[in-house]
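Coordinate inspection notes
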Amino acid sequence: MLTQEPGKAARPDVFVEEEVETRAWEQSAADDARVPDQSKSLLAKVLEHDWIVALFYVGYDVVCWVLLYGIVGYIRRDEFFTTPFEFVLVDCIVLAVILQSLYIIGGYNRNIETRSLTYTAEHVLAVAAAAAISSLIIYSAAAYDASMKPSRGVLLISFVAFLPLSLVYRRFMRRRIATSTAQRTFLVIGSGQMAAQFYENYRQSPNHQQLEFVDNDTARVGATIAGEGSPIIQGGIAAKLAKLDEGYSGVILAESIDRLGRDLVERLVRTQFQRTRVYTLESFYEAHWRHVPMQMIDPFWPLQMGFQLARISPYHYLKRLCDIVAATVLLVISLPLMAIAWALIRLTSKGPAIFKQVRVGREGQPFTVYKFRTMRSAVSGEEAEDIYTRRDDPRVTRVGRWLRKLRIDELPQLWNVFKGDISLIGPRAEWIKCVERYEKRIPFYHFRHLVKPGITGWAQVNYPYGESEEDAVAKLQYDLYYIRHYSLKLDAMIVLKTVHTTLFGKGR
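My aim in this report is to walk through the structure given alongside it, one point at a time. Just so we're clear, the structure is a prediction, and the values are computed from it rather than from any experiment. (Residues numbered from 1 in each chain as written. Predicted model: local features only at pLDDT ≥ 70, side-chain atom pairs only at ≥ 80, totals over all residues. Heavy atoms only, no water.)

**Some thoughts on the overall build of the protein**
When you go through the protein residue by residue, the secondary structure sums to 18 helices and eight strands. Across the 508 residues that make up the protein, the buried fraction comes to 47%. Residue pairs at least 24 apart in sequence account for 75% of intrachain contacts in the protein once pairs closer than 6 positions are excluded. Accessible surface computed for the protein: about 25600 Å², of which carbon and sulfur atoms make up 61%. (Helix = DSSP H or I, 4+ residues; strand = E, 2+ residues; numbered from the N terminus. Buried < 20%, exposed > 50% of the residue type's maximum accessible area, 1.4 Å probe, protein only. Contact = heavy atoms within 4.5 Å. Areas by Shrake-Rupley, 256 points an atom, 1.4 Å probe, with all protein chains shown as cover.)

**Remarks on the environment of Met-173**
As for its position among the elements, Met-173 is in helix H5 (residues 152–181). The buried category is assigned to Met-173, whose relative accessible area is 3%. Expressed as a C-alpha distance, the spacing of Met-173 and Thr-114, which sit 59 residues apart in the sequence, is 9.0 Å.

**A look at the nonpolar core**
Residues Trp-65, Phe-159, Trp-458 and Leu-480 are the most contacted members of the largest nonpolar core, which totals 66 residues. Contributing elements (two or more residues each) for this core: helix H2 (50–75), helix H3 (84–104), helix H4 (117–142), H5, helix H15 (432–441), helix H16 (458–462), helix H17 (469–484) and helix H18 (488–504). In this structure Phe-159 touches Trp-65, Val-94, Ile-98, Val-127, Ala-130, Ala-131 and Ser-134, once residues within four positions along its chain are discounted. (Core = buried A, V, L, I, M, F, W, Y, C linked by side-chain atoms within 4.5 Å.)

**Some words on the packing of H4 against H18**
The contact between H4 and H18 brings their axes to 10 Å, and the two run at 120 degrees. Looking at the two axes, H4 sits oblique to H18. The crossing of H4 and H18 is right-handed. Between H4 and H18, the contacting residues are Thr-118, Ala-121, Glu-122, Leu-125 and Ala-126 on the first element and Leu-496, Lys-497, Val-499, His-500 and Phe-504 on the second. (Axes fitted to C-alpha atoms, helices over the stretch in contact; angles between N-to-C directions. Parallel < 35°, antiparallel > 145°, perpendicular 65-115°, else oblique. Left-handed = near helix turned anticlockwise from the far one by under 90°.)

**Focus: the pairing of strand E2 (residues 210–214)**
The buried count for E2 comes to five of five residues, which makes it a mostly enclosed element. What you see with E2 is no split at all: Gln-210, Glu-212 and Val-214 on one side and Leu-211 and Phe-213 on the other are buried throughout. Both strand E1 (residues 185–189) and E2 contribute to a ladder of five bridges, which runs parallel. The residue bridging Thr-185 from the neighbouring strand is Gln-210, located in E2. You can see the chain leave E1, run along helix H6 (residues 193–203) and come back into E2, and the turn it takes is right-handed. (Pairing = 2+ DSSP bridges. Right-handed = clockwise from strand over helix to strand, strands pointing away.)

And the structure:
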């Protein structure tokens, strides 16, 4: 069995511009004693509620857009509307598109680092997409109503003004959220191997709240969770649960149920419904790091509630229809580009321009994938000894390096999408020899074949280029998250992240 490199899979691709404070949870438990701050501001208390942040953002977006659109329309004397009702109707349509676009990228999630360059790029893309979709809806409606006189300038200026403003108050709010949560703690119940592994992953993550480990086992109380410098394990779980209102953000269960006892489990259930959020390790990884921890996977994992959606959801059939339409359109549009790529490959290196390889699809069915050849023909076939293409790999040709960087080498796979071998979005289709190797060494690797593979996917946009079996384990955790949360929202998020990845060259 392969073991996950501590913290590697749990680290999202986030770069924060501002300097952050020292992580308080790295201090020993002796330094964790806190006196509740009675003078805490009303705003800080309000921001402690998860839902209130989303409400603030929605309110700001609505007010900001309505004011901007109204002011710009008044200044330019927009004649788009014949009645006030039309103004309100169009405002509602545009707001619905904006709110949905920002929701998809996590713009209303208090855990998203809105001050990061990654989020900023995704926010720009989301607002641009909202502008395009809104314009399509509005001008399509205007085509059937001669009384409506659309003003492209008003809509464009409003979106241009809305973009920086919506980013500014998100950055302002994020700073306040970080301040309000800096002194709050996650209470971690457990002190065994799972808890120690969780601490290592948390230490490498962008989370900055404290961790307080607690266990009723007197043999463990007083020891450190993961060696020198890590938090000290405390006792008295019941006493800690009684003080959850005094600075705790939630409870994390890092222990097996059979060690907790019936009374404690019942108390945790009441805590979840009456006081504060109680996370299992799996739910914490999914909520904060958007992947599924391998240590939580067992043979019955796909039988849990929710997985039937991948089989019977109408979206499953809608996605196939979208694949056919998108693949057809993209094939036609990219035909000149593919012709140029084909010519460059043939002129600069020996061998065929199209590379064929047998890969594994849904339910383990093999199929032949088509890509532009980016490596020297002598070593680009299945006889190559090294199954990984590494950064600055000498086998990659000069033209191939640019084709990979611009993702042009993936374009022939649109034919695979059209045929139904793969989808536009899904886990990466791996070479059959890689799959055979991984299935022998990585537990439950075959679960990733429960859905159709894709050209881009959740793992590709969240994890760097894979060059080892440890990387395969890390990317599998993102693939399993995709399978569990298979939905239109997640696919839309992947599309936006793919555009960002293509522009900035991260992930694969």
